[in-house]
Each structure stands twice: as structure tokens, then as C-alpha cells.
Amino acid sequence: MDIFEAKDLICKRETRTLFCDLNFTLKAGELLQIIGANGTGKSSLLGLLTGLLPKQRGTVTWQGNPLTGCDFHFLGHRNGLKAQLTVLENLRCSTRLRGNTITRQQILTALGNAGLSAQADVMISKLSAGLQRRVALTPLQLAKAPIWILDEPLTALDKTAQALFAQQLTAHLNQGGLGIIATHQSISIDNISSHTLALGDIDA
Amino acid sequence: MLKTLIQQEVLLAARNYSQWLTPLGFMVLVIMVCMISFTNNAAVAADILPALLWVSILLASLLTLPSLFANDAEDGFISHYVLSPYPLLPLVITKVFCHWLVHVLPLCIAAILVAFGLGLIKTTLLTLGLTFLLGTPIVSLLGAMGASLTLAARQSTLLLPILLLPLYLPVLIFALGAIHASELHLAIHGYIAIIVALLLFTSVFASLIATISLKSGVATCSG
């Protein structure tokens, strides 16, 4: 079964407990939106789920097995792009690191779909924050992964890019993918079962 | 895949030339100033030249270390390494190799050119080159270990030299021992063997420690 399960997660920062005994399960085609004020542990929760933060307690499983890097796409609040490389060079290297062999043509097509064709050979440092974010979102289309774990994907995006992202997310969920998204702007999509996890309302 | 990583690092170095050119310039300046200050004592100058070259390489390489992983942590690229389905250890070793190739190798080449220009005799020059070739990868390996351990401590510019310089001493001592022996036309095998042993030891342990600390440290820098 395509079930994503997080069990018994706990997050401590310095002396504060941000959350404890956090449990949730997510089935194929479902979206989880993590909301909460700044500093309530949204990014930390995503870190625990992806394994970037060491877990003090609890488990994260996908189809009954511990989650591995191939199962998901992660985009943190940093874009993971090298400022001194061009868009094409960045995407080539990051997809190779994920273990996907992707041709230049495929990258160009994905960039075209994202409306970034003109920027393919531009250095990341020369792009605006919104354009950089759009480049960082492109790998989601390049290599398929069942789970998307995204931290504030809509930051700095304009209306058109937000609509495009919503459209891509819908397509991903309709194909049986899962989405776990930390966000301040709630994403509403028709015909999708969307859950909301609110952090910050537990007593420390 | 590792080839892509090496290509990327070399490309970044080519575009960010101040990153490796600054330590290179620093090293050449240090050597020049020292040599000039010994002008009226040429014998002493010739005596200390190999040691001076080695020490200036160590000091100049310290300048390059803070950015070894910090750049990747800054732009979030480090999550690509950690989340990659490939094991992290080979990626870290590749990263260390790239550091050596881009930052340390130019220092070695410049140091040998300077030594040649200042008239070091041929056999000593060869031994110097050999100790550079075998010894400086240790500098990169230990440096990567230090850089990854101090990644979470943002202000690591002072911490790193304090942590690393004592660890650099064994390779420095044996490298200079080898050079001294070759100046006296003695066998250098023993010294070289010890440097190789140090290299093998650090390539296992330093890269392992760097890998482990990166795995547990990523969060503190990106969360």
C-alpha cells in the first residue's frame, strides 16, 4: 500500500519542545499542508521527515519501509542552487546527484514548460528571487518521485507561477502522488483530499 | 556521477577564481617577504626554504577551508548530497579530492616553481615534490574533517586553525625529515612510508568523520 506514515515524532530546539508525539498517515493522492506561525517547527518537521535532521524518536515510513532519498523530492527554504552556475548546469548536476540520467533536451523541455526557456543559460546569481524559486521547482517535473516535501514553495512566486505550481501539484496528486507542504498561503485545489496540520497549538 | 561533481567543482573554481587565487597570492607573498628578510644571510635562507614552503602551504590552505562545505550549506546544495541515493562517503571523498585539485595543487605547483627559482638542488626539489604529492592530500582530508565539524559553528574562522594546526604537525615533521635526509643524501624511504601511512589513515578516518558530521550537521545549518 502506498501509505506514508510518520510516527511519534518529537522536536526539541534548545530547551523548548516544539512538538511531541506527532503522528500522521497519508495515502496516495493526498495533500498535507503544514501551517503554523513562524518558529513553530514547520521546517524542522520537514527536516525530520526527510532525514536532514536526526530523529530523536519516532519513525517515518513509506510503503512500510523507512523513507529513502529516491522516494521524495525535497525543496527547502534555500533553493539548493549554485549562484555561479547557469540554470542548465545546476539542474544537470542536481538531477545526476539524485541518480537520474536526464538529457539536456529533457531539461530544456521542462524549463520550457515552466516558462524559463530564455533563462536556460543564465547564471543563477543574475536571476530574481522568484525566477530562482521557479528553477528550484523544475526538478519536480524532471524526475518522478511519489512524494513531494516542500518548504514554502510559493515564496516569491508571481500569480502565474503560483497557478502553474497548483496545476502541477494537482497533476501529481491525481497520478497518485503525495504532497507534504509547509506553507503560509493555503493551497486550495478542487477534488483533492487535503489535510491540514497546525503546529504551535500544543503546550510545551 | 562523481565525474559530474568534479566538473561542477572545477567550473565553480574557474568562475570564482578569487577563491583560489587569493591563498596562492598570500603564499607567494609570505615566501617572498621571508626570503627578502634573509637576504644578508643566504645560508640560513637556503636552510629554511623547504620548511618555509611547507608551512606557507599549510597556512594558505587554512584560508580555503572554511568555504569547503560552508558554501554548500549556505545555498542549500548540501541537501542534494545528503539526500542523494548514493552513499555520502564517496561524495565527500570526491569533494575533498576537488578541494585538493582546485586549492592545494596550485599552491604546491607554485611552491615548487618558487623553490626552483630560488635554486634548490634537484634531488631536494624532487623530494620536496614527492612530499607535497603525498602529504598535501592529508591537509585536504584533515581540513574537510575540521570544516565539517565546525560547520554548525558559524564563526569558525579562528576555531578551524586552532583545531587543525596540531593535526598537521606529524605530516609536516615527516615531510621535512624526508627533505633533510635527502639533503644529506640519506635514504628517505622510511619518512615516505610514514607519510603514506598517515595518508591512508586519514583518508579512512577523516573522510568517515566528515561524512558522519555532515549527516548530523546538515540540519543545524539549514533548519
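The preceding data block contains the structure.
Residues numbered from 1 in each chain as written. Chains lettered and ligands numbered in written order. Predicted model: local features only at pLDDT ≥ 70, side-chain atom pairs only at ≥ 80, totals over all residues.

**Description of the interface of chain A and chain B**
Facing the 27 residues of chain A at the interface are 23 residues of chain B. Among the secondary structure elements, those contributing two or more residues to the side of chain A that touches chain B are helix 1 (42–50) and helix 2 (87–97) of chain A. No other element matches the five residues that helix 2 of chain A contributes to the side of chain A that touches chain B. Looking at the side of chain A that touches chain B residue by residue, the classes come out as ten nonpolar, twelve polar and five charged. (Contact = placed C-beta atoms within 7 Å. Helix = DSSP H or I, 4+ residues; strand = E, 2+ residues; numbered from the N terminus. Nonpolar A, V, L, I, M, F, W, Y, C, P; charged D, E, K, R; others polar.)

**Considerations on the sheet that holds strand 7 (residues 147–151) of chain A**
Sheets are built from strands that pair by backbone hydrogen bonding, the pairs being arranged parallel or antiparallel. Residue and element names in this part refer to chain A. The five strands lie next to each other as 6-7-8-3-9, forming an open sheet whose pairing is parallel. Each edge of the sheet is formed by a strand with only one pairing partner; in this case those strands are strand 6 (72–75) and strand 9 (193–198). The average undirected angle you get between the axes of adjacent strands in this sheet is 10°. Pairing between strand 7 and strand 8 (residues 178–182): five bridges, direction parallel. Each residue of the ladder has a partner; that of I149, found in strand 8, is I180. (Pairing = 2+ DSSP bridges. Axes fitted to C-alpha atoms, helices over the stretch in contact; angles between N-to-C directions.)

**With respect to the sheet that holds strand 4 (residues 59–62) of chain A**
Residue and element names in this part refer to chain A. In spatial order, the strands read 2-1-4-5; together these four strands make up an open sheet with antiparallel pairing. Where the open sheet ends on each side, the last strands, each with one partner, are strand 2 (16–27) and strand 5 (65–66). The pairing of strand 1 (residues 3–13) with strand 4 spans four bridges and is antiparallel. Looking at strand 4, one finds that A6 is bridged to V60. Against the sheet, helix 1 contacts strand 1, strand 2 and strand 4, and its axis sits at roughly 125° relative to strand 1.

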